Structure formats: structure tokens, C-alpha cells
Amino acid sequence: MLYGFTSVSKITRNKSKLISLSYGVSNNGYVNRLNQQAVVIKLYKDKKYVQIPTGIRVFNGENISMHTLEIIKKLLLQYEFALYEYYEANNYPNLSLKDAKLILTSTTIYSAKFVEFAKEYIEQSNKADGTKRNYYSFIRDIENYSSDILVNDITYEYGQGFIQYLQNKGVSEQAINGKIQMLKTILTAAEKILKLEKSSIHNIVLNKIKATKKPHLTQSELTKVENAKFKSKRDEKIRDIFLASVYTGLRFSDIKTLNSSEIKNGWIEKQTQKTKVEIAIPINVLFNGKMEGLITKYGTIENLVGSIGENGQFNAKLKKIFDLCKLGDRGKTFTFHTARHTFATLLLEQGYSPVIIQKMLGHSNLKMTMNVYAAVTKNAIINDLKNCKKLKK
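Residues numbered from 1 in each chain as written. Predicted model: local features only at pLDDT ≥ 70, side-chain atom pairs only at ≥ 80, totals over all residues. Heavy atoms only, no water.

(A) Up close: helix H8 (residues 233-248). Taking 1.5 Å as the rise per residue, H8 with 16 residues should run 22 Å; its terminal C-alpha atoms sit 22 Å apart, in good agreement. Capping the start of H8 is the job of one residue whose side-chain oxygen sits 3.1 Å from the backbone nitrogen of Arg-234: Ser-232. Gly-249 lies just past H8 and shows a positive phi near 80 degrees. (Helix = DSSP H or I, 4+ residues; strand = E, 2+ residues; numbered from the N terminus. Expected span 1.5 Å × (residues − 1). Polar contact = N/O pair within 3.5 Å; in protein donor to acceptor, adjacent residues only side chain to side chain.)

Listed below in C-alpha cells is the structure:
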């Protein structure tokens, strides 16, 4: 913890007119919604002080990792050295706290090893567990490519070399785009925290990949899954968990964490795990209220989803279920996420507004929804036109 802990500069402490430094949590006492407090560098003189934000946050009341503490201490040392150099070059002027802060905030400071910074960035972030796993996989790629690279040594040329390395490994273009985007995201955070100039790697333009139509169950395939009979209660429950996602559009992480307190008066009201967006889904209306039927069947939602396990393991179990449902070769392409696409696709074909579906899916904008389901909306338009003709008659 950083409470009350200071490390006063050895360089400046013996000169009474000079400014001393320490680090600690911000004195404003603000704790964000993730229970984190801001770490600051504090400048002291004549019993007064000012604070310089570091961009680093630590969890309130918890021990911080050695990686974070190392970065904070190196920030402090770099600031101390910058201030010492200024004093030496200018014959020890009587600096005000305001001037000292201005000098230090324009100083380029310590550059960490990228891998160390990246691990700490992910550890301290509020990203969903699945997203964190993707980032850690990306970091392993960086370690295998150049484990000792410093943050300020990552350039356009480095990025091009990393792309070539991934291509030689047979990584898909879509996956490479994702990894370069992760690299840019972490580097942006590092540039802010470590006061670095913007890297030329941000000039890398990712190849646009045409959105592909995601596999989904047709209405007849969904009916097959719904009506399938299983010898094993375990297989039946796996099928029902999949159907719960079809009827709600919830991702695996949101189905896994769904609890009774989030289901009231025929609605699911929940904050999504991945994007932290608040969503509301009227399960008493969608798919003729079949989600409510599942909850009634198992007594509580916890009884249904409590033993869901991990996504990869569950997908392996689903392969057997789709085979038992006699979905043929198409069934081999389906995963748990197919349920979410089925939810959106079937609702669009039934004539539901794309904007309403966007809100229920928790997409930040309509483009995200339409990029995936654009082809389906053509069918929806045709259905709407047919309905308009019927109304005119």
C-alpha cells in the first residue's frame, strides 16, 4: 500500500531552499468505481506541496505489485534527476512549486521494458477475463519476438518486423490486426504515463478485413435443438444453457455470471462483463418467453448456469450436442457464440428494429450490429415490404 509512505529525494533534501519529492496516493481521496486511487508524485517546499499525476492507479487498501512499485520509484528518480539537472544548470534558483511542476511535466521520463509495463497494464485494467487472456497471449508473442524491447524503442519499423514475424508463424491477418491494435493500446497508455513522445508505430494502417457473415441457427435448426431428447440429464443441461444464450443474446461470460438479482419482472438488467455496458432484455416477450420457461424448469438461473465451466471446454461439449441434434456439417461450425448470432439474426428476420437489437446486444453503435448482420437485414426488408403490401390491401 502507498498510504503515508514517502521517499524523499536524496539529491535535494540537504538544501533547505530546494524542492523535495515523494510519491503516494492523491490527497483528494477520490476512489473510482473500480476501487482504485491515483498515484501522484508530490513536490514539497516550505510546508506546501503540489501533485503531479502519474497516470498509475492502485487498488484502495490493497498491496500493490512489485512491478507497479518499481515503475513508481523509477518515475520518482527520473523526476529527481531532472530537477537536480535544472538546479545545477541554473545555479540553484529559488524555484516556486508551480515552476518546478511545469519543468517536470515537460520532462521525458523513465522508459520501462515493454513486456513488464504491458503485464502491469493488463493486471491493473478492468478488462474482462477473456480479453485479458487475449492480451497475455499477445504479450507472449512479444516475449518470443523481442523480450527486452523498451517502450520507447517500439517504432514503425519494429511494428513491421513484428507483423512479418507473425505472418511467418502462420497467424491469420485478422489475428495480426488484433495484436497490433493491442500493441497500440498498451503503447498509448505507456506514452501517457511515462510522458513519451507518440511512437511512429501508430502510423501503421491495419488492413481492412471484410466482415464475414457469422454462422447462426435457422429457425428450423433451432426447433431441432429445442425438441431434441437426450438420454443424459447432463447433455440436456448443456443444450439448455446454449438455448439461454439464444433467448437472451448474452455472451458466454454474461450467461456464466447471470444471477437471480439481475432478473426482475420479466426483464434481465445486467452490466456486461466484456464491455461494462448496462443492458435490458425483456425475456417475457422475446422468443415467446422461453427463457422464463428455462428458469422455471431449473428453479433458479443459478441452478442452470452454476456449473457452466470455461468457454473452451463448453464448446467441446456443444459439438456432441449439435451432433445429437443431427445438424450435420453445419453443426460442426457452431460454437457457444453462435447462440448470440442466432438471437440477433432471428429477431431481425422477425422484423425487430436493428436499433432495439443493438441495445439488447450492448453494442456501442449500430454499425457494429449491421456489419455482422447486414445480409440478414435484406431478408428483413423483404418481409417488411411484404407486410406493407398486405396492409395496403
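(B) Here's a closer look at the packing of aromatic side chains. What the rule picks out here adds up to 15 aromatic pairs. Both rings, one in Phe-314 and one in Phe-336, keep their centres 5.6 Å apart while their planes meet at 80 degrees; by these two values the pair is edge-to-face. One end of the pair, Phe-314, is in helix H12 (residues 311-324); the other, Phe-336, is in the loop between helix H13 (328-331) and helix H14 (338-349), and 22 residues separate them in sequence. By relative accessible area, Phe-336 is classed as buried at 2%. Taken together, the ring pairs connect Phe-114, Phe-138, Tyr-145, Tyr-158, Phe-162 and Tyr-165 into an aromatic cluster. (Phe/Tyr/Trp six-rings, centres within 6.5 Å; stacked < 30°, edge-to-face > 60°. Buried < 20%, exposed > 50% of the residue type's maximum accessible area, 1.4 Å probe, protein only.)

(C) Local environment of the packing of H8 against H14. Where H8 contacts H14, the two axes come as close as 7 Å, and the packing angle between them is 35 degrees. Here H8 and H14 pass one another in a crossing that is right-handed. Contacts between H8 and H14 involve Phe-242, Ser-245, Val-246, Tyr-247 and Thr-248 from the first element and Ala-339, Arg-340, Thr-342 and Phe-343 from the second. (Axes fitted to C-alpha atoms, helices over the stretch in contact; angles between N-to-C directions. Left-handed = near helix turned anticlockwise from the far one by under 90°. Contact = heavy atoms within 4.5 Å.)

(D) Here's a closer look at the sheet that holds strand S3 (residues 48-59). Taking strand neighbours across the sheet as the criterion, the three strands line up as S1-S2-S3 in an open arrangement whose pairing is antiparallel. Strands with a single pairing partner mark the edges of an open sheet, and in this sheet they are strand S1 (20-25) and S3. Strand-to-strand twist of the sheet, defined as the mean angle between neighbouring strand axes without regard to direction, takes the value 20 degrees. Sheet topology note: the strand S2 (residues 36-45)/S3 ladder contains nine bridges and is antiparallel. Its bridge partner being in S3, Gln-36 is matched across the sheet by Phe-59. (Pairing = 2+ DSSP bridges.)

(E) How the structure looks around unusual backbone geometry. The backbone of Lys-276 shows a phi angle near 60 degrees, a positive value even though the residue is not glycine. Among the structural elements, Lys-276 can be located in the loop between strand S5 (267-271) and strand S6 (278-282). Residue Lys-276 is classed as partly exposed on the basis of its relative accessible area, which comes to 27%. Its identity as a non-glycine residue notwithstanding, Phe-287 has a phi of 50 degrees, on the positive side.

(F) Representation of the pattern of salt bridges in the model. Taken as a whole and assessed by the stated rule, the structure comprises 14 salt bridges. Among the ionic pairs, Glu-310 bridges to Lys-256, the shortest N-O distance being 3.0 Å. Linking Glu-310 in the loop between helix H11 (301-305) and H12 with Lys-256 in helix H9 (residues 252-257), this pair joins segments that are 54 residues apart in sequence. Between Lys-270 and Glu-262 there is a salt bridge, with its nearest N and O atoms 3.2 Å apart. Taken as a pair, Lys-270 and Glu-262 share a single burial class, namely buried. A single network of salt bridges, built from pairs that share partners, joins Lys-233, Glu-236, Arg-239, Asp-240 and Lys-297. (Salt bridge = Lys/Arg side-chain N within 4 Å of Asp/Glu carboxyl O.)

(G) Just helix H4 (residues 129-146), in detail. Helix length check: H4 (18 residues) gives 25 Å between terminal C-alpha atoms against 26 Å at 1.5 Å per residue, within 8%. All of the buried residues along H4 are Lys-132, Tyr-135, Phe-138, Ile-139, Asp-141, Ile-142 and Ser-146.

(H) Seen up close, the environment of Asp-141. One can find Asp-141 in helix H4. You can call Asp-141 buried: its relative accessible area is 8%. Each C-alpha atom, one on Asp-141 and one on Leu-166, is 8.3 Å from the other, the two residues being 25 residues apart in sequence. Beyond its immediate stretch of four places on either side in the chain, Asp-141 contacts Phe-162, Tyr-165, Leu-166, Lys-169 and Lys-179.

(I) Here's a closer look at the environment of Gln-164. The residue Gln-164 is located in helix H5 (residues 156-168) in this model. A residue is classified by how much of its surface remains accessible, and Gln-164, at 41% relative accessible area, is partly exposed. A sequence separation of 12 residues divides Gln-164 from Ile-176, and the C-alpha atoms of the two residues are 9.7 Å apart.

(J) Layout of the packing of H8 against helix H10 (residues 290-298). Between H8 and H10, the shortest axis-to-axis distance is 9 Å and the interhelical angle comes to 145 degrees. Two packed elements cross with a definite hand, and for H8 against H10 that hand is left-handed. Contact residues: Glu-236, Lys-237, Arg-239, Asp-240, Leu-243, Ala-244, Tyr-247 and Thr-248 in H8; Lys-290, Met-291, Leu-294, Lys-297 and Tyr-298 in H10. In terms of residue class, the contact of H8 with H10 is made up of six nonpolar, one polar and six charged. (Nonpolar A, V, L, I, M, F, W, Y, C, P; charged D, E, K, R; others polar.)

(K) View of the sheet that holds S5. One open sheet accounts for three strands, arranged S4-S5-S6; its pairing is antiparallel. Each having just a single partner strand, strand S4 (263-264) and S6 make up the two edges of the open sheet.

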